[in-house]
Amino acid sequence: NTLQPELKAAVRAREKVEDEIAEYDTLRQNLDLISSRYELVDSGSEGGSLVTLETQTSESKEPLEAMVDLGHGLLYCKAVVDDPSMIFVDVGMGLHVELSLHEAKKFVKERISQLCNSVLPKRADDAKTVAMHLESSLFLLESLGKEARKQEEA
């Protein structure tokens, strides 16, 4: 009886990580879209250490308009961002950090990689382990039931 809830919890944990990966992937796509509207200009000497955003037409600074999710994909509203060169990114544990577009893209890429290569395999292994324990328990119970029936018949 305790293995079934444990299996459900393990599967939910794995699905939560998959959802987080999907959310970060959506953010990555949105960052790519924003980057396509703006040019990243390297103003640093050490391989892009200082990156600024400039609009494709440097004279007119175009605000960014977007639909923003207010509640788990159920409610959206229109938002206007005057300067999309800095954005807030959820870095986990309820913390949001203001990052440049370049920093955000780097963070998202690393976070997706960490989730896919470390966290998701662990959650999947946990779910498989519980499923195997549940299957073994059911097999043992079935075997005991067959043995008890044989003893009753004899």
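A brief structural summary. (Residues numbered from 1 in each chain as written. Predicted model: local features only at pLDDT ≥ 70, side-chain atom pairs only at ≥ 80, totals over all residues. Heavy atoms only, no water.)

Turning our attention to unusual backbone geometry. At M93, a residue that is not glycine, the phi angle is positive and equals roughly 55°. Structurally, M93 is set in the loop between β5 (86–92) and β6 (95–100). When its relative accessible area of 86% is taken as the criterion, M93 is described as exposed. (Helix = DSSP H or I, 4+ residues; strand = E, 2+ residues; numbered from the N terminus. Buried < 20%, exposed > 50% of the residue type's maximum accessible area, 1.4 Å probe, protein only.)

Together, E15, D19, E23, D69 and D90 make up a negatively charged patch on the protein surface. For the negative patch, the element with the most residues is helix α1 (residues 3–37), which contributes three residues. Secondary-structure assignment places D69 in strand β3 (residues 64–69). The exposure class of D69 is partly exposed, given its relative accessible area of 38%. (Patch = residues over 30% accessible without salt bridge, like charges linked within 9 Å, V, L, I, M, F, W, Y side chains within 5 Å. Areas by Shrake-Rupley, 256 points an atom, 1.4 Å probe, with all protein chains shown as cover. Salt bridge = Lys/Arg side-chain N within 4 Å of Asp/Glu carboxyl O. Lys, Arg positive; Asp, Glu negative; His and termini not counted. Charge placed at Lys NZ, Arg CZ, Asp CG, Glu CD.)

Overall, the coordinates contain eight salt bridges when judged by the stated rule. Two residues, R14 and E18, come together in a salt bridge whose shortest N-O distance is 3.4 Å. With R14 and E18 both in helix α1 and four residues apart, the pair spans about one turn of that helix. Overall, E18 belongs to the partly exposed group, its relative accessible area being 35%. For R28, the salt bridge is made with D32, and the minimal N-O distance between the two is 3.2 Å. Taken together, the residues R28 and D32, both in helix α1 and four residues apart, mark about one turn of the helix. Residue R28 is classed as partly exposed on the basis of its relative accessible area of 31%. Since its relative accessible area comes to 33%, D32 is described here as partly exposed. The network of salt bridges with shared partners includes D25, R28, D32 and K105.

A few words now on a nonpolar patch on the surface. Residues V68, L70, L74 and L75 make up a contiguous nonpolar surface patch of roughly 420 Å² in combined accessible area. Within the fold, L75 resides in the loop between β3 and β4 (76–81).

Between its terminal C-alpha atoms α1 stretches 51 Å, which fits the 51 Å expected from 35 residues at 1.5 Å a residue. All of the buried residues in α1 are L3, A10, V17, I21, Y24, L31, I34 and S35. (Expected span 1.5 Å × (residues − 1).)

A separate point is the nonpolar core. Grouped together as the largest cluster of nonpolar side chains are 15 residues, with contacts concentrated most on L31, A104 and L115. Within the residue set of this core, elements represented by two or more residues are α1, β5 and α2 (101–153). Among the elements that take part in this core, α2 stands out by supplying six residues, more than any other. With near-sequence residues (within four places) excluded, A104 lies in contact with L31, I87, V89 and L99. (Core = buried A, V, L, I, M, F, W, Y, C linked by side-chain atoms within 4.5 Å. Contact = heavy atoms within 4.5 Å.)

Attention now moves to the pairing of β5. Every other side chain in a regular strand lies on the same face of the sheet, so the side chains alternate between the two faces. One ladder, built from six bridges, connects β5 with β6; its direction is antiparallel. Looking at β6, one finds that V89 is bridged to V97. Between β5 and β6, which follow one another and run antiparallel, lie two residues, and M93 among them has a positive phi close to 55°. (Pairing = 2+ DSSP bridges.)

The values reported here are purely geometric and, on their own, carry no functional implication.
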